[in-house]
Amino acid sequence: MSNTEKGGLHRVRNFLSCRQVLSLLTMLGFMLNYALRVNLTIAIVDMVVKNETDTKNVTLTGNLTLPLATNSSSNSSSLSTDGVEVVEERFPWDSYQRNFVLGCFFWGYILTELPGGRLAELIGGRRVFGHSMLWASLLTLITPLAAHINYVVLIVVRVVLGFMLGASWPAIHPVAAVWIPPMERSKFMSNMMASSLGAAITMPICGYLISVAGWASVFYLTGAVGLLWSLAWFTFVYETPATHPRITAEERREIEEAIGTSTSKKRPSHVPWGQLLCSPAVWAIIICHGLAVFGFFTVVNQLPTFMSEILHFDIKQNGVFSSLPYLGKYVMAVASSYLADYLRQKGTLSTTATRKLFTTFALVTPGLLMVLQVFLGYDSTWSVTIFSLALFAHGAVTAGYLGNGLDIAPNFGGTIFGLANTLSSFGGFLSTWMVGALTYDDKSFHQWQIVFWILAATYIGGAVVFAILGSGELQPWNNPPERKKISDVTQEEGVPLKNGK
């Protein structure tokens, strides 16, 4: 390494602690995580032929297992904001096929949730999270090519994209278990909600890019930025404080003393499945997350379509207004997480009470707002306001159940969240199928009212389950006895920290 590079690394070390660098890159990583996912939700509005009556004559809509579109497409043009004509291929996909393209992401996503969480516990979250984002970025870059080749090829790319990104969410829990002191974990977990900030930024940028350069440009931009992030992640982030070459002795000691024995220095070689699956606290997280994310994914995937078909916003308005709810969600995530950690540190609330209080607020509030949306959602001002408030309140899940797996079993936080996200992935695909089925023949506001009633029931149901079954206490099965010595499933210890330093 050159003297210039060494000097640069020393300046980073003096300016930011290793934990702050980790938090910053985690925040940016989750912003990109959702950018790689939601870019299609707004691009697809411009990817399809506008006259759907004609498309029904050239597509096969009766096959309910895999709706195949013909290779027929049309080149349509529009004027950019600079007055330049943008000519791009558009595709004859009907409502069901559009939702199928959006929903197939979850086929791959669901396959790697649990294996990704467990793999991160064994080999480290840095590797799993970093590689999932790297390969997802590459797949995003080839998405326009896949769409031009064939509808089925696009579906394959989206499935593999989901396969890669599925491991990213549970992988961050093992990272937090070894890097973040217990009383700071709510704040760190708020970085996961930077996904909402990513959506808030991506949607208006996508809308603008589509208007000036066509829909393919959004995939090229988000994919390229993802590659740059991957380079930074593998350069500045390490698996543990003990293996980080630039960490100070003071920071390492602070982290290791705060974590203590709650997280094993050697990763447990097996999961106590019987005790884990019989734990009410685990099922509280799994069920609550599944119901809550069903609601969230429905909004994420369908909000641009709702605004286009019901509120009649054009593509640029669509991007701006679709982004507002996500921006509010991230603000709430950060604020509630700081408040939750403060209340726990001061002893005002126990961890159990804190998790239940914030989970109740985060889910009951949007549930009630969805009821309000049933009656007022036809008005664009009310609709945008209600969606924004609903996701604003939902951001408080970071102080509630989202990081609860690290409270009850930090050694198996990735496995627990993998289980929870597996169920939620079923909900993600179900939500896109549900909206497609309800609005296929009838795109009236009445059909969307049914969607909002379903969302209200799922949000409130999740809060009730967690209030009854949830816990914040460390579970006795977090440190299971080793069955046998397995040399290849141990964690690098790094250089021992001497007491004199």
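All values reported here derive from a predicted model rather than from experimental measurement.

Scoring rules and cut-offs
Residues numbered from 1 in each chain as written. Predicted model: local features only at pLDDT ≥ 70, side-chain atom pairs only at ≥ 80, totals over all residues. Heavy atoms only, no water. Helix = DSSP H or I, 4+ residues; strand = E, 2+ residues; numbered from the N terminus. Buried < 20%, exposed > 50% of the residue type's maximum accessible area, 1.4 Å probe, protein only. Contact = heavy atoms within 4.5 Å. Axes fitted to C-alpha atoms, helices over the stretch in contact; angles between N-to-C directions. Parallel < 35°, antiparallel > 145°, perpendicular 65-115°, else oblique. Left-handed = near helix turned anticlockwise from the far one by under 90°. Nonpolar A, V, L, I, M, F, W, Y, C, P; charged D, E, K, R; others polar. Expected span 1.5 Å × (residues − 1). Patch = residues over 30% accessible without salt bridge, like charges linked within 9 Å, V, L, I, M, F, W, Y side chains within 5 Å. Areas by Shrake-Rupley, 256 points an atom, 1.4 Å probe, with all protein chains shown as cover. Salt bridge = Lys/Arg side-chain N within 4 Å of Asp/Glu carboxyl O. Core = buried A, V, L, I, M, F, W, Y, C linked by side-chain atoms within 4.5 Å. Domains from an automatic or database assignment. Phe/Tyr/Trp six-rings, centres within 6.5 Å; stacked < 30°, edge-to-face > 60°. Polar contact = N/O pair within 3.5 Å; in protein donor to acceptor, adjacent residues only side chain to side chain.

(A) Seen up close, the overall build of the chain. Within the chain, the secondary structure is distributed over 21 helices and 2 strands. Counting the 501 residues in the chain, one finds 58% classified as buried. Counting only contacts in the chain whose residues sit at least 6 apart along the sequence, the fraction spanning at least 24 positions is 85%.

(B) Fine view of the packing of helix α6 (residues 125-141) against helix α12 (residues 216-236). Running from N to C, α6 and α12 point in directions that differ by 155 degrees, and their axes come no closer than 8 Å. Relative to α12, the element α6 is oriented roughly antiparallel. The handedness of the crossing between α6 and α12 is left-handed. On the side of α6, the interface is formed by R126, R127, F129, G130, H131, M133, L134, S137, L138, T140 and L141, while α12 contributes F219, Y220, T222, G223, A224, G226, L227, W229, S230, W233 and F234. Class assignment of the residues belonging to the contact of α6 with α12 gives a composition of 12 nonpolar, 8 polar and 2 charged.

(C) Layout of helix α9 (residues 168-179). Helix length check: α9 (12 residues) gives 17 Å between terminal C-alpha atoms against 16 Å at 1.5 Å per residue, within 8%. Counting buried residues in α9 gives 12 out of 12 residues, a clear majority hidden from the surface. Among all positions in α9, only S168, W169, P170, A171, I172, H173, P174, V175, A176, A177, V178 and W179 are buried.

(D) Focus on a nonpolar patch on the surface. On the surface, a cluster of nonpolar side chains totalling about 550 Å² of accessible area is made up of W273, L277, W283, V464, I468 and L469. The set of elements that each furnish at least two residues to the nonpolar patch consists of α14 (273-277) and α21 (445-469). With respect to the helices and strands, W273 occurs in helix α14.

(E) Structural context of the packing of α6 against helix α8 (residues 151-166). Following both chains from N to C, one finds α6 and α8 inclined at 165 degrees, their axes separated by 8 Å at the closest point. Between α6 and α8, the crossing angle belongs to the class labelled roughly antiparallel. Classified by chirality, the crossing of α8 by α6 is left-handed. Contact with α6, carried on its side by S132, M133, W135, A136, L139 and T140, involves V157, V160, L161, M164 and L165 of α8 and no other residues of that element. Its residues assigned to classes, the contact of α6 with α8 shows 9 nonpolar, 2 polar and no charged.

(F) Up close: the nonpolar core. Counting residues in hydrophobic clusters, the biggest one holds 136 residues, and the most contacted among them are M47, W179, W215, F306, M370 and F452. With 16 residues, the top contributor of residues to this core is helix α2 (residues 18-47). Each of domain 1 (18-46 + 91-267) and domain 2 (273-478) gives at least three residues to this core.

(G) Layout of the packing of aromatic side chains. Inspection of the entire model under this criterion finds 17 aromatic pairs. When the ring of W229 is compared with that of W233, the centres are 5.2 Å apart and the planes differ by 25 degrees; the resulting orientation is stacked. One end of the pair is W229 and the other is W233, both in helix α12 and 4 residues apart, which spans about a single turn. Summarising the burial analysis for this pair, W229 and W233 share the class buried. Consider the rings of W448 and F452, whose centres lie 6.5 Å apart with planes at 35 degrees: the pair is tilted. Of this pair, W448 and F452 both sit in helix α21, separated by 4 residues, roughly a single helical turn. Here the two residues W448 and F452 agree in accessibility, since each one is buried. A connected cluster of aromatic rings, assembled from ring pairs, spans F30, Y34, F129, W169, W229, W233 and F296.

(H) The arrangement of the environment of V451 in detail. Structurally, the position occupied by V451 is in helix α21. Since its relative accessible area comes to 1%, V451 is described here as buried. On a C-alpha basis, the gap between V451 and V374 in space is 8.8 Å, while along the polypeptide they are 77 residues apart. Among residues more than four places away in sequence, those in contact with V451 are T298, M434, V435 and L438.

(I) Broad picture of the side chain of T398. By the element assignment, T398 lies in the loop between α18 (380-394) and α19 (404-408). Residue classification places T398 among the buried residues on the basis of a relative accessible area of 0%. Among the polar contacts made by the side chain of T398, one reaches the side chain of S337 at a distance of 2.8 Å. A distance of 3.3 Å separates a polar atom in the side chain of T398 from the backbone oxygen of G395. Excluding anything up to four places from it in sequence, T398 contacts S186, M189, S190, M193, A333, S336, S337, R355 and G403.

(J) How the structure looks around the pattern of salt bridges. If you walk through the whole model with that rule in mind, you get 11 salt bridges. Here E254 and R19 are joined by a salt bridge, their closest N and O atoms 3.0 Å apart. You can see E254 sitting in helix α13 (residues 249-259) and its partner R19 sitting in helix α2, a full 235 residues away along the chain. For E254, a relative accessible area of 39% translates into the label partly exposed. Note on R19: relative accessible area 11%, which makes it buried. A network of salt bridges, in which partner residues are shared, links K187, D341, R344, R355 and D407.

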